[in-house]
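So the chains spell out like this:
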Amino acid sequence: MDVSTILEGLNPAQRDAVSCDEQSMLVLAGAGSGKTRVLVHRIAWLMQVKSVSPSNIMAVTFTNKAAKEMRSRISGLLQFETKGMWVGTFHGLAHRLLKSHWNDAGLSENFQILDSDDQLRVLKRLIKEHQLDENRFTPKAIQWYINEQKDEGRRAKHIDDRNDPYEKTLIKIYSEYEKSCERSSHVDFGELLLRAHEIWLKKPDILEHYQDRFKYILVDEFQDTNTIQYAWLRLLAGNKTSLMVVGDDDQSIYGWRGAKIENIQQFSNDFPSTEIIKLEQNYRSTSLILEAANAVIANNPGRLGKNLWTDGERGKPLCLYAGFNEQDEARFIIERIKSHVGDDTLLSEQAVLYRSNAQSRVIEEELIRNGVAYRIYGGQRFYDRLEIKNGVAYMRLAYARNDDAAFERIINTPSRGIGHKTVEILRIRAKEDNSSLWSAAEALIAESKLTRRASSALQNFLDMILQFCAASKNLDLDGFSEHVIDKSGLIDFHGKEAGEKGLARVENLQELINATRQFEAEDENNILREFLDTAALDAGEQQADEHSDAVQLMTLHSAKGLEFPIVYLAGVEENLFPHKMSIEEPGRLEEERRLCYVGITRAKLHLYLTYAEMRRWYGQETYNSVSRFVREIPSDCINEVRINNNVSRPLSAGFSNSTLNEGSGSGLHLGQRVNHAIFGDGVILNIEGQDSNARVQVNFDNAGSKWLVASFANLKPI
DNA sequence: TAGGCTGGCGTTTTT
DNA sequence: CGCCAGCCTA
C-alpha cells in the first residue's frame, strides 16, 4: 500500500488530520464526519509513511466495543498484525499497567477487579459495621462519593473535611473501604485509573520507560474523559509524545458521571502548539436533518463551534406526531415501522430512541401485539447477571482464597446451612486478625469455636473450594468452569426458580461455560486470571439475535456512535426530555440539548419525533407540552402528521379543539355496535381522548380490532 | 430458609 | 404504576 491509498477517499480536513506533523492535535469531529475513519487512517499513515513501529503507538477508547472495532479496522486496512500496539480502554490499559508493575503499585500479584455491584456489597457491610445512620448514609450515596473522589484523583487522606461532620464520616468510610480493598486484594474501576496515575508520580523511571515507548498516542471520544483520565494522559504524553485527541463537545453527554467537557478547552492550553482541525462534512444524514440538528445545538452557549453540512440530498421533512397518550404514540410508531417495511426497509434499519428506559415497555407491548421483532440494547450485561456473578465467584474463590467479595457472595448460595450468624462470626474474626474471611473460617474451625453443625457445613464448603482449586490446575478452562458450575449446585439452585426466569438462568450458566470454551488467552498459563479479568472489565457481548432482522430499541445514550436510516425519537416532551431533574438543576439543560443533538444526528433518511399529550408516569396522569427542543427546530423542517389522513400542517397552527365531532359526546360509548364504511360492523372496545383527538378502538366482525380517529372514521351507531 | 408482604423509590451507563 | 430490597412469618 502506498501513501495515496491511505489518503484516498478522504476529504481535505480528514487528510490534514491523518497526515498532520504537529506534535499535538485536537480533532473536533462532528457527528457522522468520519471520525473513526480518521483515527484508523492516521495509524495506517504513521506505520506506512512514518515507519512507526506498532509498539510505539497507543490508542485509547472508552468501551471495549470501540477498542475491538478499532483494532479490527486497522488490521483490515493494513493487512498485517497490530501486535505490540496498545489499543484499549482507559481501564483496560491501566489494568495492563498495574499487572506489569503490581509490586511498584503496592498490589499483590493476584489482585482482582471489584465491579460496582461487589463494591456496593462491601459498602453495605461497612455501613452496618460502623453503625451509620442508614437514612443519611445510603450505600448508593457513599458509592457515588467514593467513585467521584477517585475520578478526581483524591484519596481519603487528601480530602479536606472542612470540619463538617457529614464529610468526616464519608471520609472515614472511604478510608475503611480502602483498607477492606487492601485486605482482599481488590481494585475497583476508579482505583485502576487512580493507581495507574500514582505509579507514574511515584516511580519516574517507570513513567519514563512508557514515555519513551509511546511516541504516538491517539484518544477517541475525548469529550468523555474525566479528571483522572486526562491527568493520566497528560503525564504519559510528557513533552515528547505526539498526542492526537478526537472528540466533539456537542456530543458530550456523560457529564453526570464525571466527564469533563472542559478538558477539550484545557487541552490547547496544556499543549500550546496544538493544531485544531474541524471535521464538519457529514456523510450520514440528509441536509434537512442536519439543519434541524444545527438549529437545536445552536442554542447552547460556550460551544467551540461547528456547523455540519452535507453535499447530499435535502431529504424529507421531519415528522412530528402528537399522540393522545403513550399507547397512541406507540401505535403510531409501530404503524410507521410496518409501513416502511412495505417500502423495502428492513426492521433492523429502524430504531426507536427514548430518554429513559421506562418508556420502552409500552413500545414493546405494541411491537409484541403486532408481531414485530425487536431487540432492546442495554439492560443488564452478561457478566452482571446474578447467576453469572455467582458462577464467576466460585471461579474467583478457587483462584484466590482471600477474595472476600466472592466468598461472601457464594458462602451460602446455594444454601448449605451457613446462616447470617456464622458469617457474622467470620467477619468479626477476620477483622480481629486483619485477615481474609477464608483464613478466619479455617482458624475458627481449627479452634472449635463454632457449633458442630456450622463447623461441618463450613468445612464442607472449604473442602469444595479447595477441590475446585485443584481442578483449576488440572483441567482446561472450560473443563474447570463446567466442573465448578456442576459441582457447586448452581444449576439446580437457579433451575428451581419460578417460571422462565429459572430456565433463562440455567441457559446463561451454560453460556458461561461456552464463554470459557471460546476464550482465547494471551498467555495460556494465565488463562484463568485473564478470563476473570475479562469477566470484570468486559460487558460480554450480547450476541444473541444480533443478526436477525429486528427493530432496534435503545436509550439516546446508548445510541451514541450508531446510525439508522429511520429513527423514531419518542417522548419529546418537557419533563421527560429534557428530563425534569435536568431542568431543575442549573447547567444540566445544555447536556440534555446535546443528547437531543445526538438523537437527531443518528438518522440518515427519516426522523420521526413523537410525544404524548397525556402520559401515565409512575402511576400518575401527567400532561406535558411538546419539548422545547422541538420548538428550536425551524418549522419548515417539520411536518406535523395526523394519523389516518395525510393532512400536514405547520407546527405553529396548534391544535383545534372544538370543530370536529367528539368521542364521548357523539353518541359513541363502550360496547356500542357501529358501522364503518370499509371495515363493516363492529363493537367499540375503547375510547380515548376527546374532541379532535379522540381515538376509538373497534373490534370489527370481519376486519379485526382497529384503532381509529373518531373524527375521520365516521362511525355510525347501529 | 423460603416465600410472602410492604414500603420506598423511580434519568442517563461504562469500566 | 411496577420493581426490588429487606423484613417478617410459617
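Residues numbered from 1 in each chain as written. Chains lettered and ligands numbered in written order. Predicted model: local features only at pLDDT ≥ 70, side-chain atom pairs only at ≥ 80, totals over all residues. Heavy atoms only, no water.

## Considerations on the protein's contact with DNA strand B
- Looking at DNA strand B, there are 27 residues lining it, with Arg 355, Arg 381, Thr 555, Ser 582 and Arg 588 nearest.
- A distance of 3.4 Å is found between a base oxygen of DNA strand B and a side-chain nitrogen or oxygen belonging to His 91.
- Measuring from a base oxygen of DNA strand B, one finds a side-chain N or O atom of Arg 355 at 2.6 Å.
- Mapped onto the surface near DNA strand B, the elements with two or more residues apiece are α25 (556-559) and α26 (580-584).
- Here the surface near DNA strand B is composed, by residue class, of 7 nonpolar, 15 polar and 5 charged. (Near = heavy atom within 4 Å. Polar contact = N/O pair within 3.5 Å; in protein donor to acceptor, adjacent residues only side chain to side chain. Helix = DSSP H or I, 4+ residues; strand = E, 2+ residues; numbered from the N terminus. Nonpolar A, V, L, I, M, F, W, Y, C, P; charged D, E, K, R; others polar.)

## A closer look at the packing of helix α5 (residues 90-100) against helix α24 (residues 527-537)
- Close contact between α5 and α24 brings their axes to 11 Å; oriented N to C, the two are set at 150 degrees. With respect to α24, the axis of α5 lies roughly antiparallel. Two packed elements cross with a definite hand, and for α5 against α24 that hand is right-handed. Counting all contacts with α5, which are made through His 91, Gly 92, His 95 and Lys 99, the residues of α24 involved are Arg 529, Glu 530, Asp 533 and Leu 537.
- Tallied by class, the residues present in the contact of α5 with α24 amount to 1 nonpolar, 3 polar and 4 charged. (Axes fitted to C-alpha atoms, helices over the stretch in contact; angles between N-to-C directions. Parallel < 35°, antiparallel > 145°, perpendicular 65-115°, else oblique. Left-handed = near helix turned anticlockwise from the far one by under 90°. Contact = heavy atoms within 4.5 Å.)

## Section: the pattern of salt bridges
- Taken as a whole and assessed by the stated rule, the structure comprises 59 salt bridges.
- Across the pair Arg 615 and Glu 329 runs a salt bridge, and its minimum N-O distance is 3.1 Å. Highlighted residues: Arg 615 in strand β14 (residues 603-617) and Glu 329 in helix α14 (residues 326-342), separated in sequence by 286 residues. For the residue pair Arg 615 and Glu 329, the accessibility class agrees, reading buried in each case.
- Among the salt bridges present, the one from Arg 505 reaches Glu 387, with a minimum N-O distance of 3.0 Å. (Salt bridge = Lys/Arg side-chain N within 4 Å of Asp/Glu carboxyl O. Buried < 20%, exposed > 50% of the residue type's maximum accessible area, 1.4 Å probe, protein only.)

## Side note on the packing of helix α16 (residues 386-399) against helix α21 (residues 477-487)
- Look at α16 against α21: their axes get within 10 Å of each other, and the N-to-C directions meet at 115 degrees. By the angle between their axes, α16 is roughly perpendicular relative to α21. Our pair here, α16 against α21, has a crossing hand that is right-handed. Two secondary-structure elements touch here, α16 through Gly 391, Tyr 394, Met 395 and Ala 398 and α21 through Leu 477, Phe 480, Ser 481 and Val 484.

## Remarks on the packing of aromatic side chains
- A full pass over the atoms with the stated rule returns 23 aromatic pairs.
- Here Tyr 210 and Phe 214 contribute two aromatic rings whose centre-to-centre distance is 6.2 Å and whose plane-to-plane angle is 10 degrees, an arrangement assigned as stacked. Across the pair, exposure class does not vary: Tyr 210 and Phe 214 are buried alike.
- Feature note: the residues Phe 62, Trp 86, Phe 90, Trp 200, Tyr 210, Phe 214 and Trp 232 constitute an aromatic cluster, connected by ring pairs.
- Just above the ring of Tyr 254 sits the side chain of Arg 257; from NZ or CZ to the centre is 3.6 Å.
- The ring of Phe 111 carries Arg 529 above its face, with NZ or CZ at 4.9 Å from the centroid. (Phe/Tyr/Trp six-rings, centres within 6.5 Å; stacked < 30°, edge-to-face > 60°. Lys NZ or Arg CZ within 6 Å of the ring centre and 35° of its normal.)

## Section: the protein's contact with DNA strand C
- Every residue lining DNA strand C is accounted for by Lys 124, Arg 361, Tyr 618 and Gly 619.
- Within 4 Å of the protein, the atoms of DNA strand C are drawn from sugar and phosphate moieties in a proportion of 33%.
- The backbone of Gly 619 places a nitrogen or oxygen atom 3.5 Å from a sugar or linking oxygen of DNA strand C.
- Taken together, the residues of the surface near DNA strand C sort by class into 1 nonpolar, 1 polar and 2 charged.

## Remarks on the nonpolar core
- Judged by nonpolar contacts, the single largest core of 57 residues is most densely connected at Met 58, Ile 142, Trp 200, Ile 217, Val 219 and Trp 232.
- With residues up to four places along the chain from it excluded, the contact list for Ile 142 reads Leu 123, Ile 127, Leu 132, Phe 137, Leu 170 and Ile 173.
- Core analysis: the second largest hydrophobic core is formed by 50 residues, Phe 382, Met 464, Ile 513 and Phe 531 among them. (Core = buried A, V, L, I, M, F, W, Y, C linked by side-chain atoms within 4.5 Å.)

## Concerning α14
- Between the first and last C-alpha of α14 there are 25 Å, a value that for 17 residues agrees with the 24 Å anticipated at 1.5 Å per step.
- By the burial criterion, the buried members of α14 are Glu 326, Asp 328, Glu 329, Ala 330, Arg 331, Phe 332, Ile 333, Ile 334, Ile 337 and His 340.
- Measuring from the backbone nitrogen of Gln 327 back to the side-chain oxygen at the start of α14 gives 3.1 Å, which picks out Asn 325 as the cap.
- Where α14 terminates, the next one or two residues include Asp 344, which has phi positive at roughly 70 degrees. (Expected span 1.5 Å × (residues − 1).)

## What about unusual backbone geometry?
- Cis rather than trans, the peptide bond between Thr 413 and Pro 414 has omega equal to -5 degrees.
- Inspection of the secondary structure puts Pro 414 in the loop between α17 (404-410) and α18 (420-433).
- In this structure, the amide linkage connecting Phe 577 to the following residue, Pro 578, adopts the cis form with an omega of 5 degrees.
- With respect to the secondary-structure elements, Pro 578 resides in the loop between β13 (564-570) and α26.
- Even without a glycine there, the phi angle at Gln 131 is positive, about 50 degrees.
- For Gln 131, the position within the fold is in the loop between α6 (116-129) and α7 (139-151).
- A relative accessible area of 71% places Gln 131 in the exposed class.

## Comments concerning the environment of Ile 228
- By the secondary structure assignment, Ile 228 is in helix α11 (residues 227-237).
- On the basis of relative accessibility, which here comes to 2%, the residue Ile 228 falls in the buried class.
- A C-alpha to C-alpha distance of 5.5 Å links Ile 228 and Gly 153, two positions 75 residues apart in sequence.
- Excluding residues that lie within four positions of it along the chain, Ile 228 makes contacts with Lys 150, Asp 151, Gly 153, Leu 193, Leu 194 and His 197.

## Here we look at the side chain of Asp 115
- Within the secondary structure, Asp 115 sits in the loop between β4 (112-114) and α6.
- For Asp 115, a relative accessible area of 9% gives the class buried.
- A polar contact of 3.1 Å, which involves the side chain of Asp 115, links it to the backbone nitrogen of Asp 117.
- Within the structure, the side chain of Asp 115 is placed 2.4 Å from the side chain of Lys 389, a separation counted as a polar contact.
- The contact partners of Asp 115, leaving out residues within four places of it in the chain, are Phe 189, Asp 384 and Lys 389.

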